[in-house]
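Given next are the chains, with one letter for each unit.
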Amino acid sequence: MSELDFIRTALDDLAIFVRAKHAARDGLVVSSKTEANDLLTEVDVAVQAELVGRIRDAYPNDAIFAEESGMNERPRDLNGRVWLIDPIDGTQNFVRGLFPAFGISIAVAANGRPFAGGVAVPGNGQLFLAEAGAGAFRNGERLRVSNVDSISSARAEVDFSCPSDRTNTLSQFSPLIEKTGQIRCHCAAVIGLCSLATADMDAYVHVKLNAYDYAAAMVIVEEAGGRLTRLDGSPIHLFDGRPGVLGSNGILHNAFVDVIAEGHQ
Ligand code: IPD
Ligand code: CA
Ligand code: CA
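Residues numbered from 1 in each chain as written. Chains lettered and ligands numbered in written order. Predicted model: local features only at pLDDT ≥ 70, side-chain atom pairs only at ≥ 80, totals over all residues. Heavy atoms only, no water.

## Things to note about the packing of helix H4 (residues 163-179) against helix H7 (residues 253-261)
Using the following cut-off: Throughout, an axis means a line fitted to C-alpha atoms (over the contacting stretch in the case of helices), and angles, computed between N-to-C directions, take values from 0 to 180 degrees. Each helix corresponds to a stretch of at least 4 residues labelled H or I by DSSP, and each strand to a stretch of at least 2 residues labelled E; elements are numbered beginning at the N terminus. Oblique is the label for any angle not under 35 degrees, not over 145, and not in the 65 to 115 range, which are roughly parallel, roughly antiparallel and roughly perpendicular in turn. What makes two residues a contact is simply this: any of their non-hydrogen atoms within 4.5 Å. Gly counts as polar in this scheme, as do all residues outside two lists: the nonpolar Ala, Val, Leu, Ile, Met, Phe, Trp, Tyr, Cys and Pro, and the charged Asp, Glu, Lys and Arg.
Contact geometry of H4 with H7 gives a least axis separation of 7 Å together with a crossing angle of 125°. For the element pair H4 / H7, the angle class is oblique. On H7, the residues that touch Gln172, Phe173, Pro175, Leu176 and Lys179 of H4 are Phe256, Val259 and Ile260. In terms of residue class, the contact of H4 with H7 is made up of six nonpolar, one polar and one charged.

Shown next as structure tokens:
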């Protein structure tokens, strides 16, 4: 079984579990982690445990970098094979139920770059899958980024994250917010980034993401013809320790690098 088939099978199974838990979310056990807005539910823990168990059975020699349960230590070999898991990205949306903007994210990387990844969106039954060189798909349908070519008519997501990153977000992205045609915020990195692959959005920025937040979406965006880099346009190595992320439809990438450079770093 290829890594992509492994990812597809795991996400198909777990999306059923997460959808049922979301439907019955009033009964969930929810706690806070680093701050009041940084939520953890029993579902995050259960999804991660299931994925970790399956990876250990199928790929016992691979490293795992995952958000919960103390598994967020960078791998010893930064260029080795590593699986990246965010069991629920968009936990705030999952818990409070504003709209189904949360996803299960899993990717496998080597040399600091993801080469296969998947995002399940249990709230609306969507499954995004991509493999390096083989294209990106949503429920089997090939994806292609937008061809919007001016910032003034573009739609960008500024992911406002949690309060501790807000000042930095506003000072770095003020010019971008002023000049971009439309601004959105899903508050789920995987949804914001997959919206580039579906051509619903044209750019996405975040001052401080973890590699497990965007590894799967990175291969999905790139295979749909888009780009993901650091905020200054330099290439991403998942474990380079740099936090900012700019995603785009590719056409607008350099223009967004320039408008971000106008902000206060
Ligand atoms: C969060 C989401 C959000 C981003 C935060 C992340 P979580 O992930 O991706 O969009 O702004 O920085 O922590 O906590 O819901 O997995
Ligand atoms: Ca998470
Ligand atoms: Ca996340």
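## Some thoughts on the coordination of the calcium ion (ligand 3)
As a reminder, the rule being used: Distances decide who is a donor: an N, O or S atom must be within 2.8 Å of the metal, or within 3.2 Å for Na, K and Ca. Water is not included, so sites may look incomplete.
Looking at the metal site, the calcium ion (ligand 3) is ligated by Asp86 (OD), Asp89 (OD) and Asp213 (OD), spaced 2.1 to 2.2 Å from it. For the calcium ion (ligand 3), all donor residues lie on one chain, and their spacing in sequence is D-x2-D-x123-D. In this model, the calcium ion (ligand 3) sits 3.7 Å from the calcium ion (ligand 2), the two metals being bridged by Asp86. Of this pair, Asp89 sits in strand E4 (residues 82-89) while Asp213 sits in helix H6 (residues 211-223), and the two are 124 residues apart along the sequence.

## Points about the site of ligand 1
The condition that has to hold: Residues are classed as near a molecule or strand on a simple rule: at least one heavy atom within 4 Å of it. Residues adjacent in sequence count toward polar contacts only when both atoms are side-chain atoms; beyond that, a polar contact is any pair of N or O atoms within 3.5 Å, and within protein one must be able to donate a hydrogen and the other to accept it. Cavities and pockets were defined on a 1 Å grid built over protein atoms only: a cavity is a set of grid points that admits a 1.4 Å probe from which the probe cannot escape, a pocket is an open set flanked by protein on both sides within 12 Å along at least five of seven lines, and lining residues are those with an atom within 4 Å of any such point. Molecules are considered to sit inside a cavity or pocket once more than half of their atoms lie within 2 Å of its grid points.
In the region of ligand 1, 13 residues are neighbours, and Asp89, Gly90, Thr91, Asp159 and His206 sit closest. Between ligand 1 and the protein, one listed contact pairs an oxygen atom with a backbone N or O atom of Cys187 at 3.4 Å. Comparing atom positions with the cavity grids shows ligand 1 to sit within the largest pocket.

## Comments concerning the coordination of the calcium ion (ligand 2)
Each protein donor to the calcium ion (ligand 2) is listed here as Glu67 (OE), Asp86 (OD) and Ile88 (O); together their distances run 2.1 to 2.3 Å. The sequence motif formed by the donor residues of the calcium ion (ligand 2) is E-x18-D-x1-I.

## A closer look at the packing of aromatic side chains
We apply this condition: Each Phe, Tyr or Trp ring (for Trp, its six-membered ring) is paired with any other whose centre lies within 6.5 Å, and the angle between the two planes then decides the class: stacked below 30 degrees, edge-to-face above 60, tilted in between.
For the coordinates displayed, the defined rule picks out six aromatic pairs. Ring geometry for Phe6 against Trp83: centres 5.2 Å apart, planes inclined by 65°, an arrangement best described as edge-to-face. Here Trp83 lies in strand E4 and Phe6 lies in helix H1 (residues 3-23), a separation of 77 residues in the sequence.

## Brief notes about H6
Note the following rule: Expected helix span is taken as 1.5 Å per residue step, with the number of steps being one fewer than the number of residues. Bend is computed residue by residue as the angle between axes fitted to the seven residues ending at the residue and the seven residues starting at it. Only protein chains enter the calculation, and the probe is 1.4 Å; a residue is then buried if its accessible area is under 20% of its type maximum, exposed if over 50%, and partly exposed in between.
In this model H6 runs 18 Å from its N-terminal to its C-terminal C-alpha over 13 residues, within 8% of the 18 Å that 1.5 Å per residue would give. Bending of H6 peaks at approximately 30° at the position of Ala217. With eleven of 13 residues buried, H6 lies mostly within the body of the structure. Among the residues of H6, Ala211, Tyr212, Asp213, Tyr214, Ala215, Ala216, Ala217, Met218, Val219, Ile220 and Val221 are the ones counted as buried.

## Considering the side chain of Thr91
With respect to the element layout, Thr91 can be found in helix H3 (residues 91-96). Reaching out from Thr91, the side chain makes a polar contact with the backbone oxygen of Ile88 at a distance of 3.3 Å.

## Notes on the sheet that holds strand E3 (residues 63-66)
Adjacent strands of a sheet form backbone hydrogen bonds with each other and so pair up, either parallel or antiparallel. The following threshold applies: Only strands joined by at least two bridges in the DSSP assignment are considered to pair.
Spatial strand order, E3-E4-E5-E6-E7-E8-E9: seven strands in an open sheet with mixed pairing. Each of the sheet's edge strands pairs with one partner strand only, and the pair in question is E3 and strand E9 (141-142). For strand E5 (residues 103-110) and strand E6 (residues 113-121), the ladder comprises seven bridges, and the chain directions are antiparallel. Each residue of the ladder has a partner; that of Ala107, found in E6, is Gly117. Against the sheet, helix H2 (residues 42-58) contacts E3, E4 and E5, and its axis sits at roughly 155° relative to E4. H6 rests against E3, E4, E5, E6, strand E7 (126-131) and strand E8 (135-138) of the sheet, and its axis sits at about 100° to E6.

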